[in-house]
Amino acid sequence: MTPEQQALFDAAVAAQAKSYSPYSKFKVGAAIRTTNGTIYAGCNIENAAYPQGTCAEASAIAMMVSAGEREIAEVLTVCDGDLLGTCCGGCRQKLREFAPLSTLIHACGPEGVRRTFTLDELLPFSFGPEHLGV
Ligand code: THU
């Protein structure tokens, strides 16, 4: 892992530890590095009204945008278990709003990076702001 990725991983693991997931018991952490080098992290936050829960990636995006930033440079997620944990479909679209298609997204387990994708690989033929002229 590069030092930059290690910093993202550490931030995501720290956020994962704060996950509020009493229903699924599936803790997820996400970290975003923006183009100016700042890292924003978030965890999944579940709700007794299940659909109201928030994914870790959405939490990290909320932190980033609330801090006044909008340009994603790199993303890393971490979850437990043996299976490769990648961003859900909804989060891929949420990332698409603020990340170029070439953005690297690292899917991690507790031991480190398991696989790296570009956003374009995870969300091919996608719809984005430019379709609406933004
Ligand atoms: N989850 C995430 O936080 N990110 C994903 O991309 C996949 C799923 C969360 C949502 C829910 O709290 C738990 O994992 C089980 O689905």
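See the structure shown above.
Residues numbered from 1 in each chain as written. Predicted model: local features only at pLDDT ≥ 70, side-chain atom pairs only at ≥ 80, totals over all residues. Heavy atoms only, no water.

Caption draft 1: Local environment of the environment of Ser 24. Relative to the helices and strands, Ser 24 resides in the loop between α1 (3–16) and β1 (28–34). Judged by its relative accessible area of 41%, Ser 24 falls in the partly exposed class. At a separation of 3.0 Å, a polar atom in the side chain of Ser 24 contacts the main-chain amide nitrogen of Phe 26. Only 2.5 Å separates the side chain of Ser 24 from the side chain of Glu 46, close enough to count as a polar contact. (Helix = DSSP H or I, 4+ residues; strand = E, 2+ residues; numbered from the N terminus. Buried < 20%, exposed > 50% of the residue type's maximum accessible area, 1.4 Å probe, protein only. Polar contact = N/O pair within 3.5 Å; in protein donor to acceptor, adjacent residues only side chain to side chain.)

Caption draft 2: Structural context of the nonpolar core. The biggest cluster of nonpolar side chains holds 21 residues, and the ones touching the most others in it are Ile 32, Met 64, Ile 72, Val 75, Leu 95, Ile 105 and Leu 119. Of all the secondary structure elements, the ones that give two or more residues to this core are β1, α2 (56–66), β3 (72–79), α3 (89–96), β4 (104–109) and α4 (119–122). Leave out the neighbours within four places in its chain, and Ile 32 touches Leu 8, Thr 38, Ile 39, Tyr 40, Ala 60, Ile 61, Met 64, Ile 72, Glu 74 and Val 75. Grouped together as the second largest cluster of nonpolar side chains are eight residues, Leu 8, Phe 9, Ala 12 and Cys 108 included. (Core = buried A, V, L, I, M, F, W, Y, C linked by side-chain atoms within 4.5 Å. Contact = heavy atoms within 4.5 Å.)

Caption draft 3: Focus on the packing of aromatic side chains. Counted according to the given criterion, the structure contains one aromatic pair. Ring geometry for Tyr 23 against Tyr 50: centres 5.5 Å apart, planes inclined by 45 degrees, an arrangement best described as tilted. Remark: Tyr 50 occurs in the loop between β2 (39–43) and α2 and Tyr 23 occurs in the loop between α1 and β1; sequence separation between them is 27 residues. In this structure Tyr 23 comes out as partly exposed when scored by relative accessible area, which is 39%. (Phe/Tyr/Trp six-rings, centres within 6.5 Å; stacked < 30°, edge-to-face > 60°.)

Caption draft 4: A nonpolar patch on the surface, seen in detail. The grouping of Tyr 20, Tyr 23, Ile 45 and Tyr 50 at the surface amounts to a nonpolar patch, some 460 Å² of accessible area in total. Judged by its relative accessible area of 41%, Ile 45 falls in the partly exposed class. (Patch = residues over 30% accessible without salt bridge, like charges linked within 9 Å, V, L, I, M, F, W, Y side chains within 5 Å. Areas by Shrake-Rupley, 256 points an atom, 1.4 Å probe, with all protein chains shown as cover. Salt bridge = Lys/Arg side-chain N within 4 Å of Asp/Glu carboxyl O.)

Caption draft 5: Spatial organisation of the pattern of salt bridges. For the structure on display, the rule yields four salt bridges. Notably, a salt bridge pairs Arg 114 with Glu 111, separated by 2.8 Å at the nearest N-O pair. One network of salt bridges, with partners in common, ties together Glu 4, Arg 33 and Glu 74.

Caption draft 6: Summary view of the site of the ligand. The local shell around the ligand consists of Ser 24, Phe 26, Val 28, Asn 44, Glu 46, Cys 55, Ala 56, Glu 57, Thr 86, Cys 87 and Cys 88. Contacts to the ligand include Glu 57, whose side-chain N or O atom sits 2.8 Å from an oxygen atom. Interatomic distance of 2.8 Å between a backbone N/O atom of Cys 88 and an oxygen atom of the ligand. In isolation the ligand offers 370 Å² of accessible surface; the protein chains occlude 74% of this area. Split into classes, the residues belonging to the shell around the ligand amount to six nonpolar, three polar and two charged. (Near = heavy atom within 4 Å. Nonpolar A, V, L, I, M, F, W, Y, C, P; charged D, E, K, R; others polar.)

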